[in-house]
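Structural overview
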Amino acid sequence: MSVNKINFNSDLAERDLSFYQSVDLPLISQINSANIGCLYHGGLEEVVQKATQACFHSNVSIGAHISFLDKENFGRTPMEWNEDLIYTLIEEQFRILSKLKDSQIAITHLKPHGALNNMACKDPHLAQVIISYVKQHHPQLIILAPVLSELAKASAAAGMITALEVFADRTYEDDGTLTPRSMEGSLITNPEQARDHVQQMIAEKAIISRTGKKLPTPFHSICLHSDTPNSVEISNQICILLQSMGVQQLTLPELFL
């Protein structure tokens, strides 16, 4: 895999208006795709509306960032699930985002959030349930899924357009999963360290675990969480890095369609 084109994405519209203005807006000027919170793990209707408008005017493609209904824990606590719950989560949040955005703005991808994403990355059954529903009801969507995950495998097996994602601000375990947030050092908040982390993944065409294990994998997108401390500074460093490496930044539709 020659990395000369890549997507840079971030999770947006998850907090209040002040956070939107100080963090989300600067990120929108640098990213290519945004995973828009659908009010289940955080955010406000006004912020979702503003974020989708700003993304549209900045040529940033938008996706539905689907979460468990758990604002208290920002959607990052594992929860019990069944198929009906998953179907309802997806459809209700897709409906919320569709209602809050303007009609000319397309929803082009879907990405699970937090605990739902982590669980679907490890549980083939949950991954299958999510992908089967999306394929049946929203087959045009690109699935944004972490590299080497059960979610990515299920999406590819179903014939969905699958964008494989690495994280600029998270460390990895030897099995390719993200280091749990409960562990010290799981979150990369130093802008230079995050830049070097991304540079190494691009250069090695692999993710590198905390212990130095190299796990070769193609990837299409780099994610930066907006609520990571110093996220705007990290974003600046990543954009400078990509430009210096001659890597073109594209939206997910531009990358695939």
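Please refer to the structure placed before this passage.
Below or above, wherever it landed, is the structure these notes cover. (Residues numbered from 1 in each chain as written. Predicted model: local features only at pLDDT ≥ 70, side-chain atom pairs only at ≥ 80, totals over all residues. Heavy atoms only, no water.)

This next bit is on the side chain of Thr 228. Note on placement: Thr 228 falls in the loop between strand E9 (221–225) and helix H8 (231–244). Those residues in contact with Thr 228 that lie beyond four places of it in its chain are Asp 169, Leu 187, Ile 188, Thr 189 and Ile 234. (Helix = DSSP H or I, 4+ residues; strand = E, 2+ residues; numbered from the N terminus. Contact = heavy atoms within 4.5 Å.)

We now examine the nonpolar core. Membership of the largest hydrophobic core comes to 79 residues, with the highest contact counts inside it found for Ile 36, Ile 130 and Ile 222. Contacts of Ile 36, omitting those with residues within four sequence positions, involve Leu 12, Ala 13, Val 48, Ala 51, Thr 52, Cys 55, Ile 62, Gly 63, Ala 64, His 65 and Leu 97. (Core = buried A, V, L, I, M, F, W, Y, C linked by side-chain atoms within 4.5 Å. Buried < 20%, exposed > 50% of the residue type's maximum accessible area, 1.4 Å probe, protein only.)

The residue Ala 127 is located in helix H5 (residues 124–137) in this model. Separated by 22 residues in the primary sequence, Ala 127 and Ser 149 have C-alpha atoms spaced 9.1 Å apart.

As a further point, take the state of the cysteines. Summed over all chains, the structure comprises 0 disulfides. Free of any disulfide, Cys 38 has its nearest cysteine sulfur in Cys 55, 13 Å distant. Owing to a relative accessible area of 1%, Cys 38 belongs among the buried residues under this scheme. Cys 239 takes part in no disulfide bond, and the closest cysteine sulfur to it belongs to Cys 223, at a distance of 13 Å. Residue Cys 239 is classed as buried on the basis of its relative accessible area of 15%. (Disulfide = S-S within 2.5 Å.)

What follows deals with the packing of helix H1 (residues 17–28) against helix H2 (residues 45–57). Between H1 and H2, the shortest axis-to-axis distance is 11 Å and the interhelical angle comes to 15°. By the angle between their axes, H1 is roughly parallel relative to H2. Note on packing geometry: the crossing formed by H1 with H2 is right-handed. Between H1, through Leu 17, Tyr 20, Leu 25 and Ile 28, and H2, the contact on the second element is made entirely by Glu 46, Val 47, Lys 50, Ala 51, Ala 54 and Cys 55. Across the contact of H1 with H2, the residue classes break down as 8 nonpolar, no polar and 2 charged. (Axes fitted to C-alpha atoms, helices over the stretch in contact; angles between N-to-C directions. Parallel < 35°, antiparallel > 145°, perpendicular 65-115°, else oblique. Left-handed = near helix turned anticlockwise from the far one by under 90°. Nonpolar A, V, L, I, M, F, W, Y, C, P; charged D, E, K, R; others polar.)

What follows covers the packing of H1 against H8. It is the contact of H1 with H8, at a shortest axis distance of 9 Å, that shows an interaxial angle of 15°. If you check the angle between H1 and H8, you find them roughly parallel. Crossing geometry of H1 relative to H8 is assigned as left-handed. On H8, the residues touching Ser 22, Val 23, Pro 26 and Leu 27 of H1 are Ser 231, Val 232 and Ser 235. Residues that form the contact of H1 with H8 fall into these classes: 4 nonpolar, 3 polar and no charged.

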